[in-house]
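Structure assessment
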Amino acid sequence: MVTFTLCLLMLIAGYFTYGRLMERIFGPDDRRTPALTKTDGVDYIPLPTWKIFMIQFLNIAGLGPIFGAIMGAKFGTSSYLWIVLGSIFAGAVHDYFSGMLSMRHGGESLPEIIGRYLGLTTKQIMRGFTVILMILVGSVFVAGPAGLLAKLTPQGLDATFWIIVVFVYYILATLLPVDKIIGKIYPLFAIALLFMAVGILLMLYVHHPPLPELWDGLHNTNPEADKLPVFPIMFVSIACGAISGFHGTQSPLMARCLKSERHGRPVFYGAMITEGVVALIWAAAATYFFHENGMGESNAAVIVDVITKDWLGTLGGVLAVLGVIAAPITSGDTAFRSARLIVADFLGMEQKRVSYRLYICIPLFAVAVGLLFYSLRDANGFNMIWRYFAWANQTLAVFTLWAITVYLAISKKPYWITLVSALFMTSVCSTYICIAPEGLGLSHAVSYYFGAGCTLVAVVWFAVWLGRRKERKLSV
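Bear in mind that the values here come from a model prediction, so they are computed numbers and not experimental data.

Structural notes on the nonpolar core
Counting residues in each nonpolar core, the largest one holds 159 residues, and the members touching the most others are F4, F97, Y269 and W282. Looking at this core, the element that brings in the most residues is helix α13 (residues 264-293), giving 19 residues. Contacts of Y269, omitting those with residues within four sequence positions, involve G14, Y15, Y18, G19, M22, I88, A92, V93, Y96 and G264.

Examining the UniProt feature "domain: CstA N-terminal" (unreviewed entry) in the protein chain
Look at the UniProt record and you will see "domain: CstA N-terminal" (unreviewed entry) annotated at residues 4-143, 157-288 and 302-428. A helix fraction of 66% and a strand fraction of 0% characterise residues 157-288, whose end C-alpha atoms lie 32 Å from each other.

Topic: the packing of aromatic side chains
The final tally for this structure, using the stated rule, is 32 aromatic pairs. Cluster of aromatic residues (ring-pair linked, three or more members): F26, Y96, F97, Y117 and Y407. The cationic tip of R265 hangs over the ring face of Y15; the distance from NZ or CZ to the ring centre is 4.7 Å. The ring of F26 is capped by K413, whose NZ or CZ atom sits 5.4 Å from the centre of that ring.

Some remarks on the pattern of salt bridges
Pairing is possible between side chains that carry opposite charge, provided their charged atoms lie close to one another. One pass over the full model with this rule turns up 13 salt bridges. Linking D43 and R337 is a salt bridge whose minimum nitrogen-to-oxygen distance equals 2.9 Å. Residue D43 is found in the loop between α3 (34-37) and α4 (49-60), and its partner R337 is found in helix α14 (residues 300-347); the two are separated by 294 residues along the sequence. The burial state of D43 is the same as that of R337; both residues are buried. Through salt bridges that share partners, D29, R31, R104 and E261 make up one connected network.

Each value, and the rule that gives it
Residue numbers run consecutively from 1 along every chain, following the written order of its sequence. Predicted model: local features are reported for residues with pLDDT of at least 70 only, side-chain atom pairs are reported and counted for 80 or more only, and whole-chain, interface and lining totals are derived from all residues. Hydrogens and water molecules were not included; the side-chain quantities draw on all heavy atoms of the structure. Buried residues of nine kinds, namely Ala, Val, Leu, Ile, Met, Phe, Trp, Tyr and Cys, make up a nonpolar core once their side-chain atoms join them within 4.5 Å. Note on classification: 1.4 Å probe, protein chains only; a residue is buried when its accessible area is under 20% of the maximum for its type, exposed when over 50%, partly exposed between these limits. Counting from the N terminus, the helices are DSSP H or I runs at least four residues long and the strands are E runs at least two residues long. The contact criterion used throughout is that any non-hydrogen atoms of two residues lie within 4.5 Å. UniProt positions are given in the numbering used here, feature names are shortened, and annotations may be inferred rather than shown by experiment. Stacked, edge-to-face and tilted labels apply to pairs of Phe, Tyr and Trp rings (six-membered ring for Trp) whose centres lie within 6.5 Å, assigned for plane angles under 30 degrees, over 60, and everything in between, in that order. Only when the NZ of Lys or the CZ of Arg is both within 6 Å of the ring centre and within 35 degrees of the ring normal is a charge said to sit over the ring. Only one rule defines a salt bridge in this text: a Lys or Arg side-chain nitrogen within 4 Å of an Asp or Glu carboxyl oxygen.

Encoded structure:
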(Lines give C-alpha, C1' and ligand atoms only; values in the text may rest on other atoms or scores of the structure.)
Protein backbone atom coordinates (compact mmCIF):
# COMPACT_ATOMS: atom_id res chain seq x y z
CA MET A 1 0.00 0.00 0.00
CA VAL A 2 2.99 2.33 0.39
CA THR A 3 3.67 2.47 -3.36
CA PHE A 4 -0.03 2.91 -4.10
CA THR A 5 -0.32 5.78 -1.60
CA LEU A 6 2.77 7.52 -2.97
CA CYS A 7 1.44 7.20 -6.52
CA LEU A 8 -1.90 8.67 -5.46
CA LEU A 9 -0.18 11.65 -3.80
CA MET A 10 2.05 12.15 -6.84
CA LEU A 11 -0.98 12.43 -9.13
CA ILE A 12 -2.54 15.10 -6.92
CA ALA A 13 0.76 16.98 -6.58
CA GLY A 14 1.26 16.77 -10.36
CA TYR A 15 -1.87 18.81 -10.97
CA PHE A 16 -0.73 21.66 -8.72
CA THR A 17 2.90 21.68 -9.88
CA TYR A 18 3.44 20.39 -13.41
CA GLY A 19 -0.08 21.41 -14.39
CA ARG A 20 0.61 24.98 -13.32
CA LEU A 21 3.88 24.91 -15.28
CA MET A 22 2.00 23.85 -18.43
CA GLU A 23 -0.45 26.68 -17.89
CA ARG A 24 2.39 29.20 -17.66
CA ILE A 25 4.02 27.84 -20.81
CA PHE A 26 0.82 28.13 -22.84
CA GLY A 27 -0.12 31.51 -21.37
CA PRO A 28 -3.95 31.74 -21.21
CA ASP A 29 -5.29 35.31 -21.37
CA ASP A 30 -8.58 37.22 -21.27
CA ARG A 31 -9.48 37.07 -24.98
CA ARG A 32 -13.06 36.12 -25.85
CA THR A 33 -13.47 32.39 -26.36
CA PRO A 34 -15.34 30.62 -29.20
CA ALA A 35 -18.20 29.92 -26.79
CA LEU A 36 -18.82 33.68 -26.71
CA THR A 37 -17.85 34.68 -30.25
CA LYS A 38 -19.46 31.79 -32.17
CA THR A 39 -22.49 30.88 -30.03
CA ASP A 40 -24.88 28.78 -32.15
CA GLY A 41 -27.15 27.13 -29.59
CA VAL A 42 -26.01 23.62 -30.62
CA ASP A 43 -22.26 23.06 -30.11
CA TYR A 44 -20.94 26.51 -29.16
CA ILE A 45 -22.77 27.15 -25.89
CA PRO A 46 -21.27 28.86 -22.79
CA LEU A 47 -21.58 26.52 -19.79
CA PRO A 48 -20.52 26.73 -16.12
CA THR A 49 -16.93 25.59 -15.60
CA TRP A 50 -17.85 22.92 -13.03
CA LYS A 51 -20.29 21.38 -15.48
CA ILE A 52 -17.72 21.44 -18.28
CA PHE A 53 -15.27 19.62 -16.00
CA MET A 54 -17.88 16.94 -15.29
CA ILE A 55 -18.62 16.53 -19.00
CA GLN A 56 -14.93 16.42 -19.96
CA PHE A 57 -14.20 13.87 -17.24
CA LEU A 58 -17.02 11.60 -18.37
CA ASN A 59 -16.15 12.12 -22.05
CA ILE A 60 -12.65 10.75 -21.53
CA ALA A 61 -13.39 8.23 -18.74
CA GLY A 62 -14.82 5.40 -20.80
CA LEU A 63 -13.97 1.74 -20.31
CA GLY A 64 -10.27 2.54 -20.64
CA PRO A 65 -9.34 3.71 -17.10
CA ILE A 66 -11.36 0.85 -15.58
CA PHE A 67 -11.12 -2.13 -17.92
CA GLY A 68 -7.70 -1.08 -19.26
CA ALA A 69 -6.30 -0.59 -15.75
CA ILE A 70 -7.67 -3.97 -14.65
CA MET A 71 -5.95 -5.76 -17.53
CA GLY A 72 -2.84 -3.61 -17.07
CA ALA A 73 -2.61 -4.63 -13.41
CA LYS A 74 -1.56 -8.09 -14.58
CA PHE A 75 1.81 -6.60 -15.51
CA GLY A 76 2.64 -5.74 -11.88
CA THR A 77 4.02 -2.58 -10.25
CA SER A 78 5.08 -1.08 -13.57
CA SER A 79 1.36 -0.44 -14.27
CA TYR A 80 1.22 1.97 -11.30
CA LEU A 81 4.23 3.91 -12.55
CA TRP A 82 2.86 4.20 -16.08
CA ILE A 83 -0.48 5.52 -14.81
CA VAL A 84 1.21 8.18 -12.67
CA LEU A 85 4.03 9.28 -14.96
CA GLY A 86 1.92 8.93 -18.09
CA SER A 87 -0.94 10.99 -16.65
CA ILE A 88 1.21 13.84 -15.32
CA PHE A 89 3.82 14.23 -18.06
CA ALA A 90 2.03 12.93 -21.17
CA GLY A 91 -1.74 12.46 -20.95
CA ALA A 92 -2.70 15.63 -19.07
CA VAL A 93 -0.30 17.73 -21.16
CA HIS A 94 -1.75 16.19 -24.34
CA ASP A 95 -5.33 16.95 -23.22
CA TYR A 96 -4.54 20.48 -22.01
CA PHE A 97 -2.77 21.66 -25.14
CA SER A 98 -5.24 20.03 -27.54
CA GLY A 99 -8.08 21.84 -25.74
CA MET A 100 -6.30 25.17 -25.50
CA LEU A 101 -5.15 25.11 -29.14
CA SER A 102 -8.72 24.38 -30.18
CA MET A 103 -9.90 27.36 -28.17
CA ARG A 104 -7.23 29.61 -29.72
CA HIS A 105 -8.30 28.56 -33.22
CA GLY A 106 -12.04 29.07 -32.97
CA GLY A 107 -12.97 25.64 -31.58
CA GLU A 108 -11.28 23.61 -34.34
CA SER A 109 -11.58 19.82 -34.27
CA LEU A 110 -8.46 17.76 -33.62
CA PRO A 111 -7.66 16.86 -37.28
CA GLU A 112 -7.75 20.55 -38.19
CA ILE A 113 -5.33 21.36 -35.36
CA ILE A 114 -2.99 18.53 -36.38
CA GLY A 115 -3.10 19.68 -40.01
CA ARG A 116 -2.39 23.26 -39.01
CA TYR A 117 1.00 22.23 -37.63
CA LEU A 118 1.87 19.02 -39.53
CA GLY A 119 0.64 19.93 -42.99
CA LEU A 120 -2.27 19.38 -45.37
CA THR A 121 -1.49 15.75 -46.20
CA THR A 122 -1.39 14.80 -42.52
CA LYS A 123 -4.65 16.68 -41.94
CA GLN A 124 -6.44 14.73 -44.68
CA ILE A 125 -5.17 11.41 -43.30
CA MET A 126 -6.12 12.37 -39.75
CA ARG A 127 -9.63 13.38 -40.79
CA GLY A 128 -10.39 9.88 -42.03
CA PHE A 129 -8.37 8.15 -39.33
CA THR A 130 -10.07 10.07 -36.51
CA VAL A 131 -13.59 9.48 -37.80
CA ILE A 132 -12.85 5.74 -38.01
CA LEU A 133 -11.52 5.84 -34.44
CA MET A 134 -14.68 7.62 -33.24
CA ILE A 135 -16.86 4.94 -34.84
CA LEU A 136 -14.74 2.23 -33.18
CA VAL A 137 -15.16 3.99 -29.82
CA GLY A 138 -18.93 4.19 -30.28
CA SER A 139 -19.03 0.50 -31.18
CA VAL A 140 -16.85 -0.89 -28.39
CA PHE A 141 -18.54 1.33 -25.79
CA VAL A 142 -21.96 -0.25 -26.44
CA ALA A 143 -21.41 -3.95 -25.78
CA GLY A 144 -19.77 -3.52 -22.35
CA PRO A 145 -22.49 -1.34 -20.75
CA ALA A 146 -25.25 -3.40 -22.39
CA GLY A 147 -23.84 -6.60 -20.86
CA LEU A 148 -23.67 -5.07 -17.38
CA LEU A 149 -27.18 -3.64 -17.65
CA ALA A 150 -28.48 -7.06 -18.68
CA LYS A 151 -27.06 -8.50 -15.44
CA LEU A 152 -28.84 -5.87 -13.32
CA THR A 153 -32.27 -6.17 -14.95
CA PRO A 154 -34.88 -8.96 -15.44
CA GLN A 155 -33.98 -11.81 -17.76
CA GLY A 156 -36.28 -10.57 -20.53
CA LEU A 157 -34.18 -7.43 -20.88
CA ASP A 158 -31.15 -9.04 -22.48
CA ALA A 159 -27.99 -7.46 -23.91
CA THR A 160 -29.59 -6.98 -27.35
CA PHE A 161 -32.40 -4.93 -25.80
CA TRP A 162 -29.94 -2.69 -23.98
CA ILE A 163 -27.78 -2.29 -27.10
CA ILE A 164 -30.83 -0.86 -28.88
CA VAL A 165 -31.59 1.44 -25.93
CA VAL A 166 -28.01 2.71 -25.78
CA PHE A 167 -27.95 3.33 -29.54
CA VAL A 168 -31.19 5.32 -29.38
CA TYR A 169 -29.62 7.42 -26.65
CA TYR A 170 -26.50 7.89 -28.81
CA ILE A 171 -28.60 9.20 -31.67
CA LEU A 172 -30.37 11.74 -29.45
CA ALA A 173 -27.18 12.87 -27.69
CA THR A 174 -25.38 13.30 -31.02
CA LEU A 175 -28.13 15.32 -32.67
CA LEU A 176 -29.46 17.51 -29.85
CA PRO A 177 -27.72 20.67 -28.54
CA VAL A 178 -24.96 19.95 -26.02
CA ASP A 179 -26.87 21.50 -23.12
CA LYS A 180 -30.10 19.49 -23.64
CA ILE A 181 -29.02 15.95 -22.69
CA ILE A 182 -25.26 15.94 -22.11
CA GLY A 183 -25.28 19.09 -20.01
CA LYS A 184 -28.13 17.85 -17.82
CA ILE A 185 -27.40 14.19 -17.09
CA TYR A 186 -23.59 14.12 -17.07
CA PRO A 187 -23.29 15.62 -13.57
CA LEU A 188 -25.50 12.77 -12.26
CA PHE A 189 -23.37 10.18 -14.05
CA ALA A 190 -20.24 11.83 -12.69
CA ILE A 191 -21.53 11.50 -9.12
CA ALA A 192 -22.10 7.76 -9.65
CA LEU A 193 -18.64 7.29 -11.15
CA LEU A 194 -16.90 9.28 -8.42
CA PHE A 195 -18.88 7.42 -5.75
CA MET A 196 -17.57 4.19 -7.20
CA ALA A 197 -13.97 5.42 -7.18
CA VAL A 198 -14.10 6.86 -3.67
CA GLY A 199 -15.86 3.76 -2.33
CA ILE A 200 -13.24 1.40 -3.77
CA LEU A 201 -10.46 3.71 -2.52
CA LEU A 202 -11.79 3.64 1.05
CA MET A 203 -12.15 -0.13 0.94
CA LEU A 204 -8.55 -0.45 -0.21
CA TYR A 205 -7.42 1.19 3.01
CA VAL A 206 -9.97 -0.75 5.10
CA HIS A 207 -8.91 -4.15 3.72
CA HIS A 208 -5.28 -3.09 3.33
CA PRO A 209 -4.61 -5.81 0.72
CA PRO A 210 -1.07 -6.97 -0.10
CA LEU A 211 -0.19 -4.86 -3.13
CA PRO A 212 3.14 -4.97 -5.01
CA GLU A 213 5.75 -2.43 -3.93
CA LEU A 214 8.49 -0.78 -5.93
CA TRP A 215 11.17 -2.59 -3.94
CA ASP A 216 9.64 -5.91 -5.02
CA GLY A 217 10.85 -5.16 -8.55
CA LEU A 218 9.23 -4.28 -11.87
CA HIS A 219 9.19 -7.78 -13.34
CA ASN A 220 6.32 -8.80 -15.60
CA THR A 221 3.75 -10.79 -13.57
CA ASN A 222 1.42 -11.42 -16.52
CA PRO A 223 0.85 -15.19 -16.93
CA GLU A 224 1.49 -14.72 -20.66
CA ALA A 225 4.64 -12.68 -20.14
CA ASP A 226 6.48 -14.48 -22.95
CA LYS A 227 3.83 -13.34 -25.47
CA LEU A 228 2.86 -10.04 -23.82
CA PRO A 229 5.94 -8.05 -22.80
CA VAL A 230 5.52 -4.92 -20.66
CA PHE A 231 6.87 -2.86 -23.56
CA PRO A 232 4.87 -2.13 -25.61
CA ILE A 233 1.74 -4.13 -24.63
CA MET A 234 1.11 -2.54 -21.23
CA PHE A 235 1.47 0.99 -22.63
CA VAL A 236 -1.37 0.29 -25.06
CA SER A 237 -3.51 -1.73 -22.62
CA ILE A 238 -3.51 1.17 -20.13
CA ALA A 239 -4.37 3.96 -22.54
CA CYS A 240 -7.13 6.19 -21.14
CA GLY A 241 -5.58 5.98 -17.66
CA ALA A 242 -2.28 7.45 -18.86
CA ILE A 243 -2.51 8.98 -22.35
CA SER A 244 -5.17 8.61 -25.01
CA GLY A 245 -5.60 10.09 -28.46
CA PHE A 246 -9.36 9.89 -27.99
CA HIS A 247 -9.08 12.58 -25.32
CA GLY A 248 -7.73 15.00 -27.93
CA THR A 249 -10.96 14.59 -29.89
CA GLN A 250 -13.03 15.42 -26.81
CA SER A 251 -11.16 18.50 -25.59
CA PRO A 252 -12.35 20.61 -28.59
CA LEU A 253 -15.96 19.80 -27.67
CA MET A 254 -15.49 21.51 -24.33
CA ALA A 255 -13.26 24.21 -25.82
CA ARG A 256 -16.44 25.36 -27.56
CA CYS A 257 -18.19 25.82 -24.20
CA LEU A 258 -15.55 27.45 -21.95
CA LYS A 259 -16.07 31.11 -21.14
CA SER A 260 -12.43 31.79 -20.23
CA GLU A 261 -9.04 30.40 -21.27
CA ARG A 262 -8.00 30.54 -17.62
CA HIS A 263 -10.39 27.67 -16.86
CA GLY A 264 -8.48 25.34 -19.16
CA ARG A 265 -6.17 23.82 -16.55
CA PRO A 266 -8.88 22.52 -14.17
CA VAL A 267 -11.01 21.29 -17.08
CA PHE A 268 -8.43 19.67 -19.38
CA TYR A 269 -5.41 18.93 -17.19
CA GLY A 270 -7.56 18.33 -14.11
CA ALA A 271 -9.94 15.87 -15.79
CA MET A 272 -7.00 13.74 -16.99
CA ILE A 273 -5.45 13.67 -13.51
CA THR A 274 -8.84 12.65 -12.09
CA GLU A 275 -9.02 9.85 -14.63
CA GLY A 276 -5.51 8.79 -13.64
CA VAL A 277 -6.71 8.52 -10.03
CA VAL A 278 -9.63 6.33 -11.13
CA ALA A 279 -7.27 4.11 -13.16
CA LEU A 280 -4.84 3.80 -10.24
CA ILE A 281 -7.64 2.79 -7.85
CA TRP A 282 -8.90 0.09 -10.23
CA ALA A 283 -5.39 -1.19 -10.92
CA ALA A 284 -4.89 -1.62 -7.16
CA ALA A 285 -8.30 -3.27 -6.67
CA ALA A 286 -7.62 -5.62 -9.60
CA THR A 287 -4.25 -6.53 -8.10
CA TYR A 288 -6.05 -7.58 -4.93
CA PHE A 289 -8.56 -9.59 -6.99
CA PHE A 290 -5.80 -11.39 -8.88
CA HIS A 291 -3.98 -12.09 -5.60
CA GLU A 292 -7.10 -13.71 -4.12
CA ASN A 293 -8.47 -15.45 -7.21
CA GLY A 294 -5.51 -15.94 -9.51
CA MET A 295 -4.99 -14.37 -12.93
CA GLY A 296 -7.15 -16.77 -14.89
CA GLU A 297 -10.08 -14.32 -15.10
CA SER A 298 -9.76 -11.99 -18.11
CA ASN A 299 -13.29 -10.56 -18.26
CA ALA A 300 -12.95 -7.10 -16.72
CA ALA A 301 -16.73 -6.79 -16.31
CA VAL A 302 -16.75 -9.87 -14.06
CA ILE A 303 -13.90 -8.45 -11.98
CA VAL A 304 -15.73 -5.13 -11.55
CA ASP A 305 -18.91 -6.94 -10.50
CA VAL A 306 -17.12 -9.13 -7.92
CA ILE A 307 -15.05 -6.32 -6.39
CA THR A 308 -17.91 -3.83 -6.03
CA LYS A 309 -20.38 -6.35 -4.53
CA ASP A 310 -17.75 -7.79 -2.20
CA TRP A 311 -16.51 -4.45 -0.90
CA LEU A 312 -19.52 -2.13 -1.19
CA GLY A 313 -22.44 -4.48 -0.59
CA THR A 314 -25.45 -4.97 -2.84
CA LEU A 315 -26.64 -1.35 -2.97
CA GLY A 316 -23.14 0.07 -3.18
CA GLY A 317 -22.26 -2.50 -5.80
CA VAL A 318 -25.24 -1.53 -7.95
CA LEU A 319 -24.40 2.19 -7.68
CA ALA A 320 -20.75 1.50 -8.47
CA VAL A 321 -21.57 -0.67 -11.47
CA LEU A 322 -23.95 2.05 -12.70
CA GLY A 323 -20.97 4.40 -12.56
CA VAL A 324 -18.97 1.94 -14.65
CA ILE A 325 -21.89 1.73 -17.10
CA ALA A 326 -22.22 5.50 -17.33
CA ALA A 327 -18.54 6.04 -18.14
CA PRO A 328 -18.40 4.19 -21.47
CA ILE A 329 -21.87 5.34 -22.53
CA THR A 330 -20.92 8.97 -22.01
CA SER A 331 -17.74 8.44 -24.02
CA GLY A 332 -19.59 6.68 -26.81
CA ASP A 333 -22.14 9.44 -27.35
CA THR A 334 -19.51 12.19 -27.48
CA ALA A 335 -17.42 10.03 -29.82
CA PHE A 336 -20.24 10.16 -32.36
CA ARG A 337 -20.76 13.86 -31.63
CA SER A 338 -17.07 14.48 -32.24
CA ALA A 339 -17.23 12.48 -35.50
CA ARG A 340 -20.16 14.62 -36.63
CA LEU A 341 -18.25 17.83 -35.95
CA ILE A 342 -15.06 16.58 -37.64
CA VAL A 343 -17.01 15.74 -40.80
CA ALA A 344 -18.90 19.04 -40.59
CA ASP A 345 -15.63 20.99 -40.31
CA PHE A 346 -14.22 19.08 -43.29
CA LEU A 347 -17.31 19.73 -45.43
CA GLY A 348 -17.81 23.28 -44.15
CA MET A 349 -21.39 22.37 -43.24
CA GLU A 350 -23.07 24.46 -40.54
CA GLN A 351 -24.82 22.44 -37.83
CA LYS A 352 -27.72 24.64 -36.78
CA ARG A 353 -30.17 22.68 -38.94
CA VAL A 354 -31.17 19.22 -37.76
CA SER A 355 -31.29 17.99 -41.36
CA TYR A 356 -27.60 18.79 -41.86
CA ARG A 357 -26.75 16.90 -38.69
CA LEU A 358 -28.75 13.91 -39.96
CA TYR A 359 -26.92 13.88 -43.31
CA ILE A 360 -23.69 13.27 -41.42
CA CYS A 361 -24.97 11.02 -38.63
CA ILE A 362 -26.92 8.43 -40.63
CA PRO A 363 -23.83 6.98 -42.41
CA LEU A 364 -21.82 7.08 -39.16
CA PHE A 365 -24.42 5.09 -37.24
CA ALA A 366 -24.88 2.65 -40.12
CA VAL A 367 -21.17 1.74 -40.06
CA ALA A 368 -21.21 1.47 -36.25
CA VAL A 369 -24.20 -0.90 -36.31
CA GLY A 370 -22.40 -3.07 -38.85
CA LEU A 371 -19.32 -3.30 -36.61
CA LEU A 372 -21.46 -4.07 -33.60
CA PHE A 373 -23.28 -6.95 -35.34
CA TYR A 374 -19.89 -8.32 -36.39
CA SER A 375 -18.65 -8.21 -32.79
CA LEU A 376 -21.79 -10.01 -31.57
CA ARG A 377 -21.72 -12.68 -34.31
CA ASP A 378 -18.04 -13.51 -33.95
CA ALA A 379 -17.00 -14.84 -30.50
CA ASN A 380 -13.71 -12.97 -30.75
CA GLY A 381 -15.14 -9.99 -32.63
CA PHE A 382 -15.37 -7.61 -29.68
CA ASN A 383 -11.81 -8.35 -28.53
CA MET A 384 -10.46 -7.71 -32.03
CA ILE A 385 -12.33 -4.40 -32.38
CA TRP A 386 -11.09 -3.39 -28.91
CA ARG A 387 -7.47 -4.17 -29.79
CA TYR A 388 -7.58 -2.20 -33.02
CA PHE A 389 -9.26 0.64 -31.19
CA ALA A 390 -6.51 0.61 -28.54
CA TRP A 391 -3.73 0.82 -31.11
CA ALA A 392 -5.52 3.45 -33.22
CA ASN A 393 -6.19 5.42 -30.06
CA GLN A 394 -2.51 5.60 -29.10
CA THR A 395 -1.45 6.29 -32.69
CA LEU A 396 -3.71 9.34 -32.75
CA ALA A 397 -2.01 10.50 -29.54
CA VAL A 398 1.33 10.28 -31.37
CA PHE A 399 0.19 12.68 -34.09
CA THR A 400 -1.35 15.03 -31.53
CA LEU A 401 1.86 15.13 -29.49
CA TRP A 402 3.91 15.89 -32.61
CA ALA A 403 1.52 18.69 -33.57
CA ILE A 404 1.83 20.22 -30.09
CA THR A 405 5.62 19.87 -30.24
CA VAL A 406 5.73 21.76 -33.55
CA TYR A 407 3.43 24.44 -32.11
CA LEU A 408 5.74 24.89 -29.10
CA ALA A 409 8.82 25.08 -31.34
CA ILE A 410 7.19 27.67 -33.62
CA SER A 411 6.10 29.68 -30.57
CA LYS A 412 9.65 29.57 -29.12
CA LYS A 413 8.44 27.66 -26.10
CA PRO A 414 10.10 24.63 -24.43
CA TYR A 415 9.10 21.95 -26.93
CA TRP A 416 10.87 19.22 -24.95
CA ILE A 417 7.79 18.91 -22.71
CA THR A 418 6.00 17.00 -25.49
CA LEU A 419 8.96 15.93 -27.64
CA VAL A 420 9.97 13.23 -25.14
CA SER A 421 6.40 11.90 -24.96
CA ALA A 422 6.02 12.04 -28.75
CA LEU A 423 9.18 9.99 -29.26
CA PHE A 424 8.24 7.47 -26.58
CA MET A 425 4.73 6.93 -27.93
CA THR A 426 6.10 6.71 -31.49
CA SER A 427 8.26 3.83 -30.29
CA VAL A 428 5.33 2.20 -28.43
CA CYS A 429 2.90 2.29 -31.36
CA SER A 430 5.35 1.25 -34.06
CA THR A 431 6.61 -1.65 -31.92
CA TYR A 432 3.09 -2.73 -30.93
CA ILE A 433 1.77 -3.08 -34.47
CA CYS A 434 4.71 -5.39 -35.21
CA ILE A 435 4.65 -7.54 -32.07
CA ALA A 436 0.91 -7.81 -31.26
CA PRO A 437 -1.00 -10.95 -32.32
CA GLU A 438 -3.61 -8.78 -34.05
CA GLY A 439 -0.81 -6.90 -35.80
CA LEU A 440 2.03 -8.41 -37.80
CA GLY A 441 2.93 -10.94 -35.08
CA LEU A 442 6.67 -10.56 -35.67
CA SER A 443 9.37 -11.69 -33.27
CA HIS A 444 10.30 -9.51 -30.31
CA ALA A 445 13.74 -8.68 -31.70
CA VAL A 446 12.46 -7.61 -35.13
CA SER A 447 9.64 -5.58 -33.54
CA TYR A 448 12.00 -3.73 -31.21
CA TYR A 449 14.41 -2.93 -34.05
CA PHE A 450 11.53 -1.64 -36.17
CA GLY A 451 10.23 0.51 -33.30
CA ALA A 452 13.70 1.92 -32.66
CA GLY A 453 14.08 2.65 -36.38
CA CYS A 454 10.77 4.53 -36.53
CA THR A 455 11.76 6.56 -33.48
CA LEU A 456 15.12 7.40 -35.04
CA VAL A 457 13.41 8.54 -38.25
CA ALA A 458 11.13 10.78 -36.15
CA VAL A 459 14.14 12.30 -34.36
CA VAL A 460 15.93 13.01 -37.66
CA TRP A 461 12.76 14.41 -39.24
CA PHE A 462 12.20 16.83 -36.37
CA ALA A 463 15.86 17.86 -36.23
CA VAL A 464 15.93 18.57 -39.98
CA TRP A 465 12.68 20.54 -39.80
CA LEU A 466 13.94 22.55 -36.85
CA GLY A 467 17.27 23.24 -38.57
CA ARG A 468 15.61 24.44 -41.78
CA ARG A 469 13.29 26.67 -39.83
CA LYS A 470 16.24 28.32 -38.06
CA GLU A 471 18.06 28.76 -41.37
CA ARG A 472 15.06 30.50 -42.93
CA LYS A 473 14.86 32.89 -39.99
CA LEU A 474 18.57 33.73 -40.23
CA SER A 475 18.33 34.37 -43.96
CA VAL A 476 15.46 36.84 -43.59
